[in-house]
Amino acid sequence: MFSDYLTESERQLVEKARVFGEEHFTEENVSRWYKEGGIPGDVAEAYRCSDLGYLGFSPERGGPDVSYTAQIAILAELTKSAGAIMPFQSQLLDFQVISRFANEEQMNMILKRYEETSRPCFCTAISDAGSGSDALGYRTTVRKKDGKLVLSGEKVFVANGQHTPYIMVSAKDLTEESDFISAMPSFWLIPSSCEGVSALPINKIGQKIIPFAALRFDNVELKPEWRLGTPYQALSQFQSILDIGRCIICAGSVGLAQAAFDDAVHHANARKIRDRRIGDFQQIGLMLTEMNSMLINMKAHINHACRSIEQGSGAKLAVALMKKYVPATAGEVANRAMQIFGGAGYTDSSRVGRIWIDCRGSQYAVGTDQIMVNIASRAILDKYAEQ
Ligand SMILES: Cc1cc2nc3c(=O)[nH]c(=O)nc-3n(C[C@H](O)[C@H](O)[C@H](O)COP(=O)(O)OP(=O)(O)OC[C@H]3O[C@@H](n4cnc5c(N)ncnc54)[C@H](O)[C@@H]3O)c2cc1C
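Residues numbered from 1 in each chain as written. Predicted model: local features only at pLDDT ≥ 70, side-chain atom pairs only at ≥ 80, totals over all residues. Heavy atoms only, no water.

Visitor: Got a minute to help me understand the overall build of the protein in this structure?
Guide: A count of helical and extended segments in the protein gives 12 helices and 10 strands. Here the protein has a C-alpha radius of gyration of 21 Å; the compact-globule value for 387 residues is 21 Å, and the two agree. Along the first, second and third principal axes, the C-alpha atoms of the protein reach 80 × 55 × 40 Å. Here the protein holds 387 residues, and 53% of them are scored as buried. Relative to all contacts within the protein whose residues are 6 or more apart in sequence, the contacts with residues 24 or more apart total 76%. (Helix = DSSP H or I, 4+ residues; strand = E, 2+ residues; numbered from the N terminus. Rg over C-alpha atoms; globule rule 2.2 N^0.38 Å. Buried < 20%, exposed > 50% of the residue type's maximum accessible area, 1.4 Å probe, protein only. Contact = heavy atoms within 4.5 Å.)

Visitor: Just to check I follow, could you spell out the side chain of Asp-128 for this structure?
Guide: As for its placement among the helices and strands, Asp-128 is situated in the loop between β1 (122-125) and β2 (141-145). Overall, Asp-128 belongs to the buried group, its relative accessible area being 2%. Not counting residues up to four positions away in its chain, the partners in contact with Asp-128 are Tyr-138, Arg-139, Thr-140, Glu-154, Lys-155 and Val-156.

Visitor: In this structure, what is going on with the pattern of salt bridges? I would like to understand it.
Guide: It is possible for side chains of opposite charge to pair when their charged atoms get near one another. Under the definition given, this model contains 18 salt bridges. Across the pair Glu-27 and Arg-354 runs a salt bridge whose closest N-O atoms are separated by 2.8 Å. You can see Glu-27 sitting in helix α2 (residues 27-36) and its partner Arg-354 sitting in helix α11 (residues 352-361), a full 327 residues away along the chain. Of the charged contacts in the structure, one is a salt bridge between Arg-216 and Glu-154, with a shortest N-O distance of 3.6 Å. Remark: Glu-154 occurs in strand β3 (residues 148-159) and Arg-216 occurs in strand β7 (residues 212-222); sequence separation between them is 62 residues. Glu-154 sits in the partly exposed class, given a relative accessible area of 29%. (Salt bridge = Lys/Arg side-chain N within 4 Å of Asp/Glu carboxyl O.)

Visitor: Just checking my understanding: could you explain the environment of Lys-324 for this structure?
Guide: Relative to the helices and strands, Lys-324 is located in helix α10 (residues 315-340). Placed 51 residues apart in sequence, Lys-324 and Ile-375 show a C-alpha to C-alpha distance of 9.9 Å. Residues in contact with Lys-324, not counting those within four places in the same chain, are Asp-369, Met-372 and Val-373.

Visitor: Even after reading the chapter, I still don't get the side chain of Gln-106, so can you show me in this structure?
Guide: With respect to the helices and strands, Gln-106 occurs in helix α6 (residues 104-117). In this structure Gln-106 comes out as buried when scored by relative accessible area, which is 9%. A polar contact is formed between the side chain of Gln-106 and the backbone oxygen of Glu-225, at a distance of 3.3 Å. If sequence neighbours within four positions are ignored, Gln-106 has contacts with Phe-101, Glu-225, Trp-226, Arg-227 and Leu-228. (Polar contact = N/O pair within 3.5 Å; in protein donor to acceptor, adjacent residues only side chain to side chain.)

Visitor: Even after reading the chapter, I still don't get the site of the ligand, so can you show me in this structure?
Guide: Residues in close proximity to the ligand total 20 residues, the closest being Ile-126, Ser-127, Ser-133, Thr-368 and Gln-370. Between Ile-126 and the ligand, the recorded distance is 2.7 Å, taken from a backbone N or O atom to an oxygen atom. At 2.7 Å from an oxygen atom of the ligand is found a main-chain nitrogen or oxygen belonging to Ser-127. Protein coverage of the free-state accessible area of the ligand, which is 960 Å², stands at 65%. The set of elements that each furnish at least two residues to the shell around the ligand consists of β1, β3 and α12 (369-386). The dominant element in the shell around the ligand, judged by the number of residues it contributes, is β3, at four residues. Split into classes, the residues belonging to the shell around the ligand amount to 11 nonpolar, nine polar and no charged. Shared between two domains, the shell around the ligand takes at least three residues from each, and those domains are domain 2 (123-228) and domain 3 (233-386). (Near = heavy atom within 4 Å. Areas by Shrake-Rupley, 256 points an atom, 1.4 Å probe, with all protein chains shown as cover. Nonpolar A, V, L, I, M, F, W, Y, C, P; charged D, E, K, R; others polar. Domains from an automatic or database assignment.)

Visitor: I'm lost on the packing of aromatic side chains in this one. Help?
Guide: Under the definition given, this model contains 14 aromatic pairs. Ring geometry for Phe-20 versus Phe-88: centroids 6.3 Å apart, planes at 85 degrees, classification edge-to-face. Of this pair, Phe-20 sits in helix α1 (residues 8-24) while Phe-88 sits in helix α5 (residues 87-101), and the two are 68 residues apart along the sequence. Judged by its relative accessible area of 7%, Phe-20 is buried. When the centroid spacing of 5.0 Å and the interplanar angle of 70 degrees are considered together, the rings of Phe-95 and Tyr-114 count as edge-to-face. (Phe/Tyr/Trp six-rings, centres within 6.5 Å; stacked < 30°, edge-to-face > 60°.)

Visitor: Is there a simple way to explain α6 in this structure?
Guide: Every α-helix winds through 3.6 residues per turn, so residues three or four apart in the chain are directed the same way. If you check α6, its first and last C-alpha atoms are 20 Å apart, about what 14 residues at 1.5 Å a residue would give, namely 20 Å. Among all positions of α6, only Gln-106, Met-107, Ile-110, Leu-111 and Tyr-114 are buried. Here the buried residues of α6 occupy an arc of 130 degrees about the axis, which is enough to place them on one side. Along α6, the residues that are exposed and aim more than 90 degrees away from the buried face are Glu-104, Glu-105, Lys-112 and Glu-116. Check the buried side of α6 and you find it contacts α3 (41-49), α5, β1, β5 (185-191) and β8 (227-228). A side-chain oxygen of the first residue of α6 lies 3.1 Å from the backbone nitrogen of Glu-105; this N-cap is Asn-103. Positive backbone phi, approximately 65 degrees, marks Ser-118, located one or two places after α6. (Expected span 1.5 Å × (residues − 1). Arc of directions from axis to C-beta.)

This is a description of form; function is not addressed.
This is how it looks when you write it as structure tokens:
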């Protein structure tokens, strides 16, 4: 999908993603995994053992030496094959996130667990109950009580929150009497088995291959060595994970949109009414035309954002523009695909309805459309005020 922007070896990895999808993501499998809320162990293991399995880790950790754009292209290809948001999306995000924060010892533990189980051993719990959009307005806190570090609060909508042995959790750091530190997020990698940690499933309406949970932390005693990174790095690390996380979400979105488009074009060619293929009806043709333009625009936004991150300039605006545009537009593409399928689009006899509902979830994950407008509009004003 992004082949113009990739090297030959990166293109080969994207091709491997296509082949992996073709082998494992039959519609029968994907719809079963959707009902069951996860992929089976043999598919997770096949993925880990493939050339894609360590995507998101640095090359020193066994990850492929590829650009962000290539990582996005690989994920988009996997999502396109499945026609559903797959666990490889949250896995790529988790690996990218942890690579920025974890020290040698934490990283070795994570890699060892991954080798043993072929699944990420932690989930990423950032969104506070009651203040998900307010990234620095956490109510979850770490304080010192009787000389001990204590975590309290509640996180919601945590992908895989009930199923991982560790949790990466963010909290307001009230351990020091310092205004600077208390304004920073702090990050911790804690065992889910700690006393005071509880998880409750939340029923999602889409993206059902990745289950959701709410996590409660009731006076959980933390060990200092569970801290990820240092207070002084936390904010810039947090910003960088938001940027890459937003690209990853958009990769899933464009993969879904491409799948919906491909299915719709196929249907518009195959379905005949009075011996005419429906694609020849002008209004169906208009929808296909709009969908194709939207796909081109989505890819351009993603490429622009990935390049801005790689080049270290203008990422804030490029990422916000992308995240505002791509998930919502993917939903528009899927919506048109459903219309082209007629009534069948509103049943589970085609996958476009599932694609549409999976697209919708990405308008919230790692920052809502509205928050993207806030970020983009401020960045636009600043950018042009400087000139
Ligand atoms: C599919 C999916 C996967 C997710 N995965 C994870 C995960 O793994 N880990 C995790 O921690 N979280 C995850 N989330 C949570 C996600 O990050 C939050 O849903 C999101 O940040 C919004 O927070 P909220 O739901 O609390 O909405 P709220 O913050 O309550 O927002 C409600 C509404 O108000 C708007 N709003 C809020 N503030 C402003 C403002 N300043 N200006 C304008 N409008 C505003 C919002 O845009 C929204 O429309 C996931 C969510 C989804 C849907």
